[in-house]
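Residue-level structure breakdown
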Amino acid sequence: RNDDDHGLRDGFLRDRPVTLTVTLIVLTLSGLLGYLPGIGWFLSLVILLSAYKFAFEILRSSADGHTEAPENLLSVDNGTIWHYLGLHFVLLVIVIVALGSGGVVIGLLTLVLVVFLQPGMTMSLAIDGDFGRAIDPSTALAIVGRIGGPYFAAFGLLFVIQASAATAGSWLAQ
């Protein structure tokens, strides 16, 4: 055993910036604040927005060609994170409107389409920061054409994660 690795060979914490590790721990533990009576829902919302900001800053950094997570995780200050959150809000509104006006079948088809296009829209926004291009479905479809098979794997993973979260939410609501 190498004494320099302190028993963390190929472990999660090895070779990770301290900022990244601390942020992951804080976001994970602060999720428990959502259980506080009265203000728990608000704290959950703040934590969720912070987690999205954290994830998007890492995505943005990798889109700029950096292979390591940024040391300053609060560095995106040009409104890109608000565009990212706005993108998700617009997609949510589209699904709700489709469900309300077209019924369950149209709503589910719209949801599948949104989940399919969402990774491409997120990639587009991370690459150039332009909300108009990111929300345009033709941009996401062009990304699908360029990436090919791995895009479908990302879509499948995103669909499973979102379906699992929705199922878990419905179970917890009972």
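Residues numbered from 1 in each chain as written. Predicted model: local features only at pLDDT ≥ 70, side-chain atom pairs only at ≥ 80, totals over all residues. Heavy atoms only, no water.

**A short note on the overall build of the chain**
Looking only at helices and strands, the chain features six helices and zero strands. Helices (α) and strands (β) of the chain occur, in sequence order from the N terminus, as α-α-α-α-α-α. The buried share of the chain, taken over its 174 residues, is 29%. Taking contacts inside the chain between residues at least 6 apart in sequence as the whole, the part at least 24 apart equals 55%. (Helix = DSSP H or I, 4+ residues; strand = E, 2+ residues; numbered from the N terminus. Buried < 20%, exposed > 50% of the residue type's maximum accessible area, 1.4 Å probe, protein only. Contact = heavy atoms within 4.5 Å.)

**Quick notes on helix α6 (residues 149-173)**
With 25 residues, α6 extends 36 Å between its outermost C-alpha atoms, agreeing within 8% with the 36 Å of an ideal straight helix rising 1.5 Å per residue. What α6 keeps buried is the set Tyr-151, Phe-155 and Leu-158. Buried residues in α6 make contact with α3 (80-128) and α5 (137-147). (Expected span 1.5 Å × (residues − 1).)

**Observations regarding helix α2 (residues 40-63)**
With 24 residues, α2 extends 34 Å from end C-alpha to end C-alpha; this agrees with the ideal 34 Å at 1.5 Å per step. Within α2 the residues assigned to the buried category are Gly-40, Ile-47, Phe-54, Phe-56, Glu-57, Arg-60 and Ser-61. At the C-terminal side of α2, Gly-65 shows a positive phi close to 95°.

**Details of the packing of α3 against α5**
Here α3 crosses α5 at 95°, and the two axes come no closer than 8 Å. Taken together, α3 and α5 sit at an angle that is classed as roughly perpendicular. Contact residues: Phe-116, Leu-117, Gly-120, Met-121, Met-123 and Ser-124 in α3; Pro-137, Thr-139, Ala-140, Leu-141, Ile-143, Val-144 and Ile-147 in α5. The residue makeup of the contact of α3 with α5, split by class, is ten nonpolar, three polar and no charged. (Axes fitted to C-alpha atoms, helices over the stretch in contact; angles between N-to-C directions. Parallel < 35°, antiparallel > 145°, perpendicular 65-115°, else oblique. Nonpolar A, V, L, I, M, F, W, Y, C, P; charged D, E, K, R; others polar.)

**Notes on the packing of aromatic side chains**
Taken as a whole and judged by the stated rule, the model has three aromatic pairs. Taken together, a centroid distance of 5.5 Å and an interplanar angle of 80° make the contact between Phe-116 and Tyr-151 edge-to-face. Of this pair, Phe-116 sits in helix α3 while Tyr-151 sits in helix α6, placing them 35 residues apart in sequence. According to the relative accessible area criterion, Phe-116 is buried, its value standing at 15%. The exposure class assigned to Tyr-151 is buried, which follows from its relative accessible area of 1%. Ring pairs connect the aromatic residues Phe-116, Tyr-151, Phe-152 and Phe-155, which therefore count as one cluster. (Phe/Tyr/Trp six-rings, centres within 6.5 Å; stacked < 30°, edge-to-face > 60°.)

**Details of the nonpolar core**
If you look at the biggest cluster of nonpolar residues, it comprises 20 residues, and the most contacted ones within it are Phe-56, Phe-116, Met-121 and Leu-125. Sorting the residues of this core by element identifies α3, α5 and α6 as the ones contributing at least two each. Discounting chain neighbours no more than four positions away, the residues touching Phe-56 are Thr-80, Ile-81, Tyr-84, Thr-122, Leu-125 and Ala-126. (Core = buried A, V, L, I, M, F, W, Y, C linked by side-chain atoms within 4.5 Å.)

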